[in-house]
Amino acid sequence: MPEGDTVLSVANRLHEVLGGHSLTRVDLRWPSVSVDAFNRGVVHDVDAYAKHLFVRFASGVSLHTHLRMDGVWRVVPTGSREAQASSPTVRAVLATSEWTCVGYELGMMDIVPTARERDLIAHLGPDILADQCVPTHLLDQARADPARFLAPRRAHTSLLVSDRDWIEALSRFAAQPQTRPIGETLLDQSVVSGIGTIFMAEGLFTHRISPMRPLADTPLVPLLASIRGHLIRGVVRPVAGRRIHVHSRRGQPCMRCGTPIARRLVGPPTAQRPAFYCPTCQHR
Ligand SMILES: [Zn+2]
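Residues numbered from 1 in each chain as written. Predicted model: local features only at pLDDT ≥ 70, side-chain atom pairs only at ≥ 80, totals over all residues. Heavy atoms only, no water.

Put simply, the rule is: UniProt positions are given in the numbering used here, feature names are shortened, and annotations may be inferred rather than shown by experiment.
An unreviewed UniProt entry lists the chain under the name DNA-(apurinic or apyrimidinic site) lyase, with Jonesia denitrificans given as the organism. In the Catalytic activity (unreviewed entry) part of its UniProt record, the chain is described as follows: "2'-deoxyribonucleotide-(2'-deoxyribose 5'-phosphate)-2'-deoxyribonucleotide-DNA = a 3'-end 2'-deoxyribonucleotide-(2,3-dehydro-2,3-deoxyribose 5'-phosphate)-DNA + a 5'-end 5'-phospho-2'-deoxyribonucleoside-DNA + H(+)". Check the Sequence similarities (unreviewed entry) section of the UniProt entry for the chain; it says "Belongs to the FPG family."

In structure tokens form, the structure reads like this:
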């Protein structure tokens, strides 16, 4: 499943080619969405909140989509073969005279007034990739080493505007049962949003924390700061080109101690997800 860094990268790419441009083609293949109700016009900007993508129009409406498990957006030259978007898995086509953005296997689609985007994401915790989602006492470090902490987002009005969001995230962790395992809590999008199985696993490995460790014993601030760092680096360089230490490496030797990487399921019975970890480095 795409994580917050993937969705933010998609938003940045779509913004590059659509932002400020008038659309020449809008094709939305979704039963409950009518293009007629949609004043296509000029795209104001494209932004992401956790795993949700918003294409905002100057007319004051937003196209909301979600990648779910298998969704992907591709940007191809208008007039090219792929821009014809003839695949049955295509759900959305947004084109300018120069570029065509094709959304495949999208898992969600709505058109809403931009002012009401919040309604669609009200169930989510603060976005770990939000511009200001940096804990106050780490701000000095962030200023000294901005690449590590500050997301390379574009300068535009974000959905989140203050580091109150970071405090909000920590308070949501504090409101959880303190016996709850950290692995499943990191994946709970109502606590903090934008983290998936890859960076849950990588963040816990970095700090030598078992996915089963209770919240009460988990150093949350450094853990969240480093997961945010992993995700931000993911925006700069996609996961495919990066070294992954534990995720999907079951049975292969730990890069730190050589112990075979293990995998277990975390989360409630109806929504279990895999967690990869080193049983030696992350024994508790
Ligand atoms: Zn190890």
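**Some words on the coordination of the zinc ion**
Test applied: Atoms are scored as donors when they are N, O or S and lie within 2.8 Å of the metal, with 3.2 Å used for Na, K and Ca; no water is included, so coordination may look incomplete. Here the metal geometry follows the donor angles, with tetrahedral for four donors whose angles all fall between 85 and 135 degrees, square planar for four and octahedral for six when opposite donors are more than 155 degrees apart and every other angle is between 65 and 115, and irregular for all the rest. The cut-offs for exposure are 20% and 50% of the maximum accessible area for each residue type, with area from a 1.4 Å probe on protein chains only; residues under the lower value are buried, those over the upper are exposed, and the others partly exposed.
Distances from the zinc ion to its protein donors, Cys 254 (SG), Cys 257 (SG), Cys 278 (SG) and Cys 281 (SG), fall at 2.2 to 2.4 Å. Given four donor atoms and angles of 101 to 114° at the metal, the environment of the zinc ion is assigned as tetrahedral. Written as a sequence motif, the donor arrangement for the zinc ion is C-x2-C-x20-C-x2-C. Like Cys 281, Cys 278 is buried.

**Some remarks on the environment of Cys 254**
This is how it is decided: Working definition: helices are DSSP H or I runs of at least four residues, strands are E runs of at least two. Numbering for both runs from the N terminus. Throughout, a contact is declared for two residues whenever any of their heavy atoms are within 4.5 Å.
If you trace the backbone, Cys 254 turns up in the loop between helix H8 (220-236) and strand S9 (262-266). Here the alpha-carbon distance between Cys 254 and Cys 281, two residues 27 residues apart in the chain, equals 8.5 Å. Residues in contact with Cys 254, not counting those within four places in the same chain, are Phe 205, Arg 249, Thr 259, Ile 261, Cys 278 and Cys 281.

**Topic: the pattern of salt bridges**
Keep this limit in mind: Put simply, a salt bridge is a Lys or Arg side-chain nitrogen that is within 4 Å of an Asp or Glu carboxyl oxygen.
Counted under the stated rule, the structure contains 11 salt bridges. In this structure, Asp 45 and Arg 56 form a salt bridge, with 3.2 Å as the shortest nitrogen-oxygen distance. Of this pair, Asp 45 sits in strand S2 (residues 43-49) while Arg 56 sits in strand S3 (residues 52-57), and the two are 11 residues apart along the sequence. The pair formed by Asp 45 and Arg 56 is uniform in burial state, with each residue classed as buried. Two residues, Glu 82 and Arg 74, come together in a salt bridge whose shortest N-O distance is 2.5 Å. Here the residues in one salt-bridge network are Asp 45, Asp 47, Arg 56 and Glu 117, joined through shared partners.

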